[in-house]
Amino acid sequence: MCGIFGAVRVDSHPLCDPTLVSQMGVTVKHRGPDGQGLFESQTAILGATRLRVRDLRAAGDQPFSDPTGRYWLACNGEIYDAARWRARYPDYPYRTRSDIEPLLAAIHHRGLRVLTDIDGMFAIALWDRHEERLTLVRDRAGEKPLFYAQLGGEVWFASEIQALLRHPRVSHELDPAGLDDLFTIGYILEPRSPFTAIRRIPAGTIVNFAAAGIEEIRFWNPVAQAKAPERRRDPIRQLDRLLQRAVARQLVADVPMGVFVSGGVDSSLLAAMAVKTLGPSRVAMFSVGFSAKSFDESAHAQRLSRHLGTTCHVVRADEDDLRTALDAVTASVAEPITDPAVLPTFLLARMARHHVTTVLSGEGADELFGGYPTYLGHRYGARYAAAPPLLRQALTQVSKLLPVSHGKVPVSWMLRRFLAADAQPWHERHVTWFGTGLRTSQEIGLWLQRRARFWEGLPDDPVSAATLFDYQTYLRDGLLVKLDRATMLNSLEARAPYLDRSVTRFALGLPSELKVRSLTTKWLLKQVASRWLPARHVHRRKRGLSVPISSWLNGGLRGEVDRLLAPTQLPEASGLRPERIAALVSQHRRAEADHGRALWTLLIFQRWCERWLGGQP
């Protein structure tokens, strides 16, 4: 695991500000505190800071060069099929036992086309000295980040935005389309970033920069993978075998390993498979405990730990701890991360780093196997829309009588959310349910028109379409960003076995009936989990890693809400009317409605502006 950074000039002229590259390396040092390497020439500089996970010697520090000196490579991530490439090219003069060097051996023999065939989580920078071409690549799901900025004939790139902001010629002008995404769904869709001048390499894509121009090659198309769902023979056994293989491959490391466990089925299954592979003494479990009972899942994680015979470490997350995490993330990450779960994930990673260097995490299971309650809403939404109007009106009235609760995903909140969009087309309904709550129905419709490419070509079945939409947006641009930044701030590597290439292909090709059946979400995954876990760990209600932000906004953060969400402080870039925000705050304070998600999104953006823009945009 590394932080990679660098700059190249594709027109044969010397770089203008080569000394700035070393400053970028300092900025991403937390991603790789164990070692650092640099390749320098007049036209190109590639650097990498290294977290040593495979082959702990300094010889494994990057960047690597092939024997001819033509290719120089820096890679952030893990190549899970490295053994296959090492065995295919045994005569290559390997210097290390790392998982990255076999990738360079494959490129040396086969050229750039090999990049479409590797398996792992990765962000790659490859400089071809002969062709004077920079190649930037990201893995299929987008687990590892890679940003770039073009400055005349130069391309500057880094694992994190704040490294690029060190360059004085990188503009801090905000991207209106990116902010539109942020205030509608809570995160920014690739290839955009908060800044107009900085872009992301899209997931599953190779981008070549040369004097002739930019060439973009997409090698992973999840929509194409899901075009024709297959009726598989014995899918339970198939998935069981694929997951075991994925977990075993991602447990390969020369450092201690752990598992983030919430008590839910996704992480519990990973923990059980990890214990079978390594043994209970070599797998540590990590969980978060909250003082609010409806949010605390540590007891379930500890029961699982006793069942598996391993150790479970619990980090407490009270308001003071969460405030510490909030300040740390805001100060260190130049992206407005509005998912509150980034805070307990940060605390979890900070504690885990005292025990292990690498952890497994359950990201991807919900999107690939149908885990969110919204998918049930899509399954039965058409039936409800066809129900007698009097019945629907009565249910709406009942929902208004239910008291507002600031507990963890209360039924009253879910019911109101469902009824707010029950008659809309599936994509409008989905964004309403998943969105920030800051946009009106009309504004959501306009946003969907501007982002039509994200659902064009999706399956007709609403459940299949919604899961695929979430895989390509929420997972990639929301959850994986949260996981990467929170863990790497603590120099901890997180791996996601559900995003293994074979598991993902299998899941994308499943009919929705194997994902959502009757009132059961993640039906197929739960069938596999039943082979490994007691029923109480398999059939618990989904809760996820949530934070009691609704009560926190009225409590410990009350003063900050008053200061940052005052009418004179609200950013014009949001397009939000001050009187509307004032109404949201008032209703939330009087417990007339739960606007926690909307207010939290605005609060995070305002804090981000103070830190990274010196105030409002």
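Predicted, not measured: the structure shown is a model, and the values here were computed from it.

### Examining unusual backbone geometry
Inference 1: Omega for the bond connecting Q62 with P63 falls within 30 degrees of zero, at 5°, which places this linkage in the cis form.
Inference 2: Cis geometry marks the peptide bond from E190 to P191, where omega comes out at 10°.
Inference 3: Residue placement: P191 occurs in the loop between α5 (176-185) and β10 (199-200).
Inference 4: Positive phi, close to 55°, is recorded for S491, a residue that is not glycine.
Inference 5: Its place among the elements puts S491 in the loop between α18 (462-488) and β17 (493-495).
Inference 6: For S491, a relative accessible area of 11% corresponds to the buried category.
Inference 7: With a phi angle near 60°, A591 is a residue other than glycine that sits in the positive phi range.
Inference 8: With respect to the helices and strands, the residue A591 is situated in the loop between α24 (578-589) and α25 (596-612).
Inference 9: You can call A591 partly exposed: its relative accessible area is 41%.

### Overview of the side chain of Q250
Inference 1: Secondary-structure assignment places Q250 in helix α7 (residues 235-250).
Inference 2: Once you skip the residues sitting within four places of it in the chain, Q250 turns out to touch Y80, M257, L360, R495, A496, P497 and D500.

### Here we look at the packing of α7 against helix α19 (residues 501-508)
The axes of two packed helices give the description: the angle between them and the distance between them.
Inference 1: Closest axis-to-axis distance for the α7/α19 pair is 9 Å, and the angle between their directions is 155°. In terms of axis orientation, α7 runs roughly antiparallel to α19. The two elements α7 and α19 meet at a crossing, and its hand is left-handed. The segment α7 lies against α19, with P235, Q238, L239, L242, L243, R245 and A246 engaging S502, V503 and F506.

### Re empty space enclosed by the protein
Inference 1: Inspection of the entire model under this criterion finds seven cavities of 30 Å³ or more.
Inference 2: Each pocket or cavity is described by its volume, and for the largest cavity that value is around 110 Å³.
Inference 3: Taken together, 16 residues line the largest cavity, and the ones lying closest to its centre are V329, T330, E335, I337 and I604.
Inference 4: At the level of elements, α10 (319-332), α11 (342-352) and α25 are the ones that each hand at least two residues to the lining of the largest cavity.

Cut-offs applied
Residues numbered from 1 in each chain as written. Predicted model: local features only at pLDDT ≥ 70, side-chain atom pairs only at ≥ 80, totals over all residues. Heavy atoms only, no water. Helix = DSSP H or I, 4+ residues; strand = E, 2+ residues; numbered from the N terminus. Buried < 20%, exposed > 50% of the residue type's maximum accessible area, 1.4 Å probe, protein only. Contact = heavy atoms within 4.5 Å. Axes fitted to C-alpha atoms, helices over the stretch in contact; angles between N-to-C directions. Parallel < 35°, antiparallel > 145°, perpendicular 65-115°, else oblique. Left-handed = near helix turned anticlockwise from the far one by under 90°. 1 Å grid on protein atoms, 1.4 Å probe; cavity = no way out; pocket = protein on both sides within 12 Å on 5 of 7 lines; lining within 4 Å. Points joined across faces, edges and corners; volume = space filled by probe spheres on them.

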